[in-house]
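Commentary on secondary and tertiary structure
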Protein chains: 4
Amino acid sequence: MMAKVTKITKTILTDVIRKRPANSFKGTYGKIALIGGSRNFGGAIIMASLAAVYSGAGLVTTITDPSNQTSLHDWLPEAMFVDWDQFEQAEPIIKAADVVVIGPGLGTDNHAFDILTKVFGLAHKDQKLVIDGSALTLLASNNLSLPKDSTNILTPHQMEWQRVSGIKIADQTPDTNQAAVQKLNAITVVKSHRTQVYADGQIFENTGGTPAQATGGMGDTLAGMVGGFVAQFSDTPKAVLAAVYSHSAIADKLAEKQYVVLPHQISESLPKFMHKHQAE
Amino acid sequence: MMAKVTKITKTILTDVIRKRPANSFKGTYGKIALIGGSRNFGGAIIMASLAAVYSGAGLVTTITDPSNQTSLHDWLPEAMFVDWDQFEQAEPIIKAADVVVIGPGLGTDNHAFDILTKVFGLAHKDQKLVIDGSALTLLASNNLSLPKDSTNILTPHQMEWQRVSGIKIADQTPDTNQAAVQKLNAITVVKSHRTQVYADGQIFENTGGTPAQATGGMGDTLAGMVGGFVAQFSDTPKAVLAAVYSHSAIADKLAEKQYVVLPHQISESLPKFMHKHQAE
Amino acid sequence: MMAKVTKITKTILTDVIRKRPANSFKGTYGKIALIGGSRNFGGAIIMASLAAVYSGAGLVTTITDPSNQTSLHDWLPEAMFVDWDQFEQAEPIIKAADVVVIGPGLGTDNHAFDILTKVFGLAHKDQKLVIDGSALTLLASNNLSLPKDSTNILTPHQMEWQRVSGIKIADQTPDTNQAAVQKLNAITVVKSHRTQVYADGQIFENTGGTPAQATGGMGDTLAGMVGGFVAQFSDTPKAVLAAVYSHSAIADKLAEKQYVVLPHQISESLPKFMHKHQAE
Amino acid sequence: MMAKVTKITKTILTDVIRKRPANSFKGTYGKIALIGGSRNFGGAIIMASLAAVYSGAGLVTTITDPSNQTSLHDWLPEAMFVDWDQFEQAEPIIKAADVVVIGPGLGTDNHAFDILTKVFGLAHKDQKLVIDGSALTLLASNNLSLPKDSTNILTPHQMEWQRVSGIKIADQTPDTNQAAVQKLNAITVVKSHRTQVYADGQIFENTGGTPAQATGGMGDTLAGMVGGFVAQFSDTPKAVLAAVYSHSAIADKLAEKQYVVLPHQISESLPKFMHKHQAE
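Residues numbered from 1 in each chain as written. Chains lettered and ligands numbered in written order. Predicted model: local features only at pLDDT ≥ 70, side-chain atom pairs only at ≥ 80, totals over all residues. Heavy atoms only, no water.

Focus on the relation of the copies chain A and chain B
Quick reminder of the rule: The least-squares superposition of copies is restricted to C-alpha atoms, and to residues with a pLDDT of at least 70 in both copies. We call two residues contacting when some pair of their heavy atoms lies within 4.5 Å.
Relative to chain B, chain A is turned by 90° and slid 0.0 Å along the rotation axis, the superposed coordinates differing by an RMSD of 0.0 Å. The two molecules are tied by a four-fold rotation axis, judged by turn and shift. When the interface residues of chain A are mapped onto chain B, a mere 8% of them are again interface residues, pointing to distinct binding faces.

As structure tokens, then:
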């Protein structure tokens, strides 16, 4: 069998990014909780949060190590902060969130595992759950099951996907990946030179991307964008495709003049990019 | 009865924003104290303070949770900082302020309530008091009376206005709102898709605003701008109208190229916008 | 008697700002220590330090409250930080400094007074001492004598000058000021709408300045610029005049498009302004 | 004998900076650990880290005093943070690093010496070790031997080189320097008005550089660039030459319009500069 792979092209943008209705308010564009950022990896959750806000999410709360409070607000006064050590404060926010992004800079220690299992326990059917970075490593190493009721979206790079799926990088093909995804019950974004998205039994492959993106933080930014897009746009698989395409399209444009593209530059480019490519 | 509603148009700008007299100094442009920003919502008071400084207020002091000291100065070395847990330091500054803005990110816990009642107790006839965000929720839930001597300005969104006035959102009309405002003795800005201002027995409706503004922090920025404008321009109702108009006019301009407008971008646009639209 | 007042004009720039010799190093451009920034007024010493670095000082150390360490480096990784509570660390740096700027955000409590008297005690003949802001208030209220050996430069606004000189603002004329300055043994910059500089028995008056500058932090920025200029340019009175002129000339330029000019914008404009106006 | 000195010219750029292969990932561009930044000199390690990330290094970890965590992330969410007081966390990262940069803002106290000797102890044959700033002072004052297996790169300014080599600045000539370098077994960058590089028995002299660079932090930035270049480009001596040339070429360009060039501006200019000068 040879799985059919559909290219993700520019048309996904106008398919997904709609002109905003005049009479809307911040609640219209979703509540997102982003969870991650240990003391060592605070930058990761900042980059993910930046992507969520700059893609247009309505209300963003970042749940992170207390040592990241100031640097979060330095980048993003628009985000609310919750100390992840005060989980009684985080819990109602996680429950009320339309979208939860967990993983960027989360780490893999017991504390991280404890938060991950709590988030899985709180997940519900009206929630989209984006699982990224070290949350994927924890998922794999602890043989966790994904929550049953939420819409789950995994964003592994190839090594993380090996851990989650058990398929070695060399053996990761559309067919093998597709089979693994179908067992998982999750939209899966396998990040590489040409990122693939597995959703609703279909396989999509991105057509953009540049080696100028090969720098730490790119994945954190994509996770935040995926969160921001699925919070705003109702067709979740298409919203994921649009986030993936936008991430590389912005990078490709910046790389026309830059040897390396910094992740935060992608987020800062989002408002103009999305304006330019929205459907009228 | 059908209340008359006057449109707020561009002419309000040159009506209000005057060319500064050559021989003036920072005291000429008012002292503002902004109070808010709990540990969770520090970004809100930063965004309000940014709006106050960038609209041209003379001297700005931000009274907030101590954990926000550094992020405040990262955005705004121009603002002075007072730890709200050292109220003996805050008290003389609040008394001496021409304008007090209370509410952005204040929170609704006992500590917040305690500060709010102290600020109400200190309010005096030479003072303008802008009450925003969680201060409005506290006002409503505790049935507080507004200070008698200060000029009070409320800036609720529709849900906060429901809490304060008791009028459900669906029932909020110029007539019902007007009746409620007249009992309150406050200039009232009811924020929505087309914000309305109730002042001096008149009703005004804004003609600008964009769904690109539907993101967290927009209201905090408006509260800071209202503070900045009433500190500088002597006709208080008109200054409020000019702040409301400027806020949406800047956003409309940015939205010509951006899918979402970040609140801090509005503040950063103020110096040029006000220069362009000042009366000669 | 009617004192002669000389206008400060553009020619002071090429008189003072010299093309840098090719074979120079950071030591050539002076070591500055800036002292100030209590917990409440950290922004002031940041703005002063920003002005010193951006005007081209070789090596800048900021001696301030420990709570300002992070916000200092957020604005200025180029500055070194010393905790003013560890005076044994600060002392050798102050001694070795070519220029000491004391006062921006220093405060007027006992701790501030203690530091000021220590700095006065350390001042020596190869040192220029810029005394600004609350250091001037402390000087006046404690009847301190200025150090005898250092070259002293005072930068009071009119109210601070009243405190230091005993001359009420209404009575501050070139003649009365000149008499007071001669007793003080200090170059004195009396800041106002048209700032005056008293140096070497002469009186100079600035020809620039805009009401867009009437905002908190302008004076801190000037103090830092005076420090930066006297560190680099050997004719101290002329360097002070050039700093005063540059400060208002940059503001005038920015005010062609801005209703209010933020102090940090002046510092950030310095490298291009000084390049444009340097002598060939 | 008269040593031959080869000029470093523009051709080194296309010799070294290669168009990135399409199918690459962040691991392709190296793991760098930067170690430095005491409480007083946190800005130095931030500037070095900024240079490493903006020159395109794949994964950057900054090992520094805990008080620098927030300001590091304010400049650079892309960098990971490790508290240098938790050396058990730092150790595996240092071991796994392709490049270690030690010295910017390290200080010269016992704690700094302890870290330096540990890093020397961990150095291995697959590692490039850039030794800068106070690490050089410690090296000299303690008569330390350089690690035997790693590729060592020293970046002293003339006074540091005097300490390390024992050759007084006035006596530093290509011949005397060359002799000292050959004993050291290290590529050596002697920074001055016209920086010289001693590598593989050859001597190179830079042809760019401007007195606008004579400000604190320039050397920290160069150290980070050297780290970033040797992490990405396999010919180490040439990568060092390209970093030295790029550093001054960017400064020369900025100095066409600026009286002083700030170190962080050089880093921020790297992505466009390297794009422009890469080999096709």
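From this point on, the discussion continues.
A few points about the interface of chain A and chain B
For clarity, the threshold we go by: Summed over both partners, the accessible area (1.4 Å probe) lost when two parts come together is defined as the buried area. Salt bridges are defined as contacts in which a side-chain nitrogen from Lys or Arg sits within 4 Å of a carboxyl oxygen from Asp or Glu. Counted as a polar contact is a pair of N or O atoms within 3.5 Å, where, for protein atoms, one must be capable of donating a hydrogen and the other of accepting one, and residues adjacent in sequence contribute only when both atoms are in side chains.
Chain A puts 38 residues into the contact, and the matching count from chain B is 29 residues. The contact between chain A and chain B buries some 2700 Å² in all, and 55% of this surface belongs to carbon and sulfur atoms. When the buried surface of chain A facing chain B is broken down by residue, Arg20(A), Pro77(A) and Glu78(A) rank first, second and third, together holding 23% of it. The interface formed by chain A and chain B contains one salt bridge. Note that Arg39(B) is salt-bridged to Asp83(A), the shortest N-O span being 3.0 Å. Run the count over chain A and chain B and you get 17 residue pairs in polar contact (both at pLDDT 80 or more).

As for the packing of aromatic side chains
Convention followed: Two rings belonging to Phe, Tyr or Trp (six-membered ring only in the last case) form a pair when the distance between their centres is within 6.5 Å. Interplanar angles under 30 degrees mark stacking, angles over 60 mark edge-to-face geometry, and anything in between is tilted. Starting at the N terminus, helices and strands are each numbered in turn, a helix being any DSSP run of H or I of at least four residues and a strand any DSSP run of E of at least two. Three exposure classes are used, based on accessible area relative to the maximum for each residue type with a 1.4 Å probe and protein chains only: buried under 20%, partly exposed in between, and exposed over 50%. Sitting over a ring, as applied to charges here, requires NZ of Lys or CZ of Arg to be within 6 Å of the ring centre and within 35 degrees of the ring normal.
The final tally for this structure, using the stated rule, is eight aromatic pairs over all chains. Seen from their ring centres, Phe233(B) and Tyr259(C) are 6.4 Å apart, and the 50° between their planes marks the pair as tilted. Within this pair, whereas Phe233(B) is found in the loop between α9 (218-232) and α10 (236-255), its partner Tyr259(C) is found in the loop between α10 (236-255) and α11 (263-276), the two belonging to separate chains. Neither residue differs from the other here; Phe233(B) and Tyr259(C) are each classed as buried. Ring geometry for Phe229(D) and Phe233(D): centres 5.7 Å apart, planes at 70°, overall edge-to-face. Judged on exposure class, the residue Phe229(D) and its partner Phe233(D) are both buried. Linked through ring pairs, Phe229(A), Phe233(A) and Tyr259(B) together constitute an aromatic cluster. The ring of Phe87(B) has Lys118(B) sitting right over it, with the charged end atom 4.8 Å from the ring centre.

A few points about the sheet that holds strand β8 (residues 187-190) of chain C
Paired through backbone hydrogen bonds, the strands of a sheet run either parallel or antiparallel to each other. Residues and elements named next belong to chain C. The condition that has to hold: Note on pairing: DSSP must find at least two bridges between two strands before they are called paired. Between the N-to-C directions of two axes lies an angle of 0 to 180 degrees, each axis being a line fitted to C-alpha atoms and, for a helix, fitted only over the stretch in contact.
Strand order in this open sheet of ten strands is β1-β10-β9-β8-β7-β6-β5-β2-β3-β4, and the pairing throughout is mixed. Of all strands in the sheet, those bounded by a partner on one side alone are β1 (5-8) and β4 (80-83). Along the sheet, successive strands turn relative to each other by an average axial angle of 20°, direction set aside. Sitting on the sheet, helix α8 (residues 174-184) touches β1, β7 (151-154), β8, β9 (196-199) and β10 (202-206), and the angle it makes with β9 is about 40°.

As for α11(C)
Condition: To estimate how far a helix should reach, multiply one less than its number of residues by 1.5 Å.
Given a rise of 1.5 Å per residue, 14 residues ought to cover 20 Å, and the 20 Å separating the end C-alpha atoms of α11(C) matches this to within 8%. Along α11(C), the residues classified as buried are Pro263(C), His264(C), Gln265(C), Ile266(C), Ser267(C), Leu270(C), Pro271(C), Phe273(C) and Met274(C). Looking at the buried positions of α11(C), the neighbouring elements they touch are α2 (42-54) of chain B together with α1 (11-16), α2 (42-54), α3 (69-75), α9 (218-232) and α10 of chain C.

Let's talk about the pattern of salt bridges
Residues and elements named next belong to chain D. All told, the structure shown has 32 salt bridges over all chains when counted by the stated rule. A salt bridge links Lys125 to Asp126; the nearest nitrogen and oxygen atoms lie 3.3 Å apart. Just as Lys125 is exposed, Asp126 falls in that class too.

Side note on the UniProt feature "binding site: AMP" (unreviewed entry) in chain A
Residue and element names in this part refer to chain A. As a reminder, the rule being used: UniProt positions are given in the numbering used here, feature names are shortened, and annotations may be inferred rather than shown by experiment.
Residues annotated by UniProt as "binding site: AMP" (unreviewed entry) correspond here to Lys191, Ser192, His193, Arg194, Thr195 and Gly219. In three dimensions, the annotated residues from a span of 29 residues occupy one location, with a maximal C-alpha spread of 13.6 Å. Separated by 2.7 Å, the side chain of Arg194 and the backbone oxygen of Gly208 make a polar contact. Relative to the elements of secondary structure, Gly219 occurs in helix α9 (residues 218-232). Residues within four places of Gly219 in sequence aside, it is in contact with Asp132 and Lys191.

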